[in-house]
Amino acid sequence: MIKILESKRLVLRNFCEEDLYYLHEYRNNELCKKYQRWEDNSLDSLKKFIEIENRKSFKDTKLQLAIELKGKNRLIGDIFVYFKDKTITIGYTISEKYQRKGYAYEILNEFIEYSFKKFKNYNEIVAMVHQDNIASKRLLEKLNFKNEGYSEKMKSVIYLLQI
């Protein structure tokens, strides 16, 4: 398991086998998947997903990182990262049990700061949000992302943060 960064209460790291049941639990939770585009959330599919993501690093174009509750070895969510041209696109999910506790703000704030330092060739971070996901919109605005409007092509509201 490769630790990427830490915040006061969280660790951002690669996925590991121990994450399977926690991942399965929240990926199949109606509230968590309401605004996501996941397809196959079966145990077999998620096991393969973990095996693939576990080997990835920031040298890859796309990767998914685990959000762990520090000291508990407990997966509580994940962050998707996609590098293209001069843009970093992010997505995120926090397990329903851990929502409304400031975890998404905490880990995204740390990731943004980390990105400013590590990825000097990139000049913006983009997040795409389902138009009905009010909590996510508020979170991004709190993190100083600007609402760029709805994209029919992406079926999402586009939020932009200049690095």
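These numbers come from a predicted model, not from an experiment.

Novice: Before we go on, may I ask you to explain the overall build of the chain in this structure?
Specialist: Within the chain one finds five helices and eight strands. Secondary structure elements in the chain, listed N-terminal to C-terminal, are β-β-α-α-α-β-β-β-α-β-α-β-β. Compactness check: the chain gives a C-alpha radius of gyration of 15 Å against a globular reference of 15 Å for 163 residues, within 12% of the reference. In terms of principal-axis extent, the alpha carbons of the chain reach across some 35 × 35 × 30 Å. Taken across its 163 residues, the chain has 47% of its residues classed as buried. Across the chain, contacts joining residues at least 24 apart in sequence account for 59% of those joining residues at least 6 apart.

Novice: For this particular structure, what's the right way to read the nonpolar core?
Specialist: Nonpolar side chains in soluble globular proteins tend to be buried together. Counting residues in each nonpolar core, the largest one holds 35 residues, and the members touching the most others are Leu 12 and Phe 145. Top contributing element to this core by residue count: helix 4 (residues 103–118), with six residues. Counting ten residues, the second largest nonpolar core, distinct from the first, contains Phe 15, Tyr 26, Phe 49 and Leu 75.

Novice: Just to check I follow, could you spell out the sheet that holds strand 1 (residues 3–6) for this structure?
Specialist: Sheet strands line up and pair through hydrogen bonds in the backbone, either parallel or antiparallel. With respect to topology, eight strands assemble into an open sheet ordered 1-2-3-4-5-6-8-7, the strand pairing being mixed. Edge positions in the open sheet fall to strand 1 and strand 7 (146–151), since each of these has one partner strand only. The sheet shows a mean angle of 25° between the axes of neighbouring strands, direction not considered. As judged from the eight bridges shared by strand 3 (residues 62–69) and strand 4 (residues 74–84), these two strands associate in the antiparallel manner.

Novice: What is the right way to read the packing of helix 1 (residues 20–27) against helix 3 (residues 43–54) from this model?
Specialist: Helix-helix packing: each pair is described by the crossing angle between the helix axes and the interaxial distance. At a minimum axis distance of 10 Å, the contact between helix 1 and helix 3 shows a crossing angle of 120°. Looking at the two axes, helix 1 sits oblique to helix 3. Between helix 1 and helix 3 the crossing geometry is right-handed. Contact with helix 1, carried on its side by Leu 20, Tyr 21, Leu 23, His 24 and Arg 27, involves Leu 43, Leu 46, Lys 47, Phe 49 and Ile 50 of helix 3 and no other residues of that element.

Procedures and definitions
Residues numbered from 1 in each chain as written. Predicted model: local features only at pLDDT ≥ 70, side-chain atom pairs only at ≥ 80, totals over all residues. Heavy atoms only, no water. Helix = DSSP H or I, 4+ residues; strand = E, 2+ residues; numbered from the N terminus. Rg over C-alpha atoms; globule rule 2.2 N^0.38 Å. Buried < 20%, exposed > 50% of the residue type's maximum accessible area, 1.4 Å probe, protein only. Contact = heavy atoms within 4.5 Å. Core = buried A, V, L, I, M, F, W, Y, C linked by side-chain atoms within 4.5 Å. Pairing = 2+ DSSP bridges. Axes fitted to C-alpha atoms, helices over the stretch in contact; angles between N-to-C directions. Parallel < 35°, antiparallel > 145°, perpendicular 65-115°, else oblique. Left-handed = near helix turned anticlockwise from the far one by under 90°.

Function-wise, these values are silent; they only describe arrangement.
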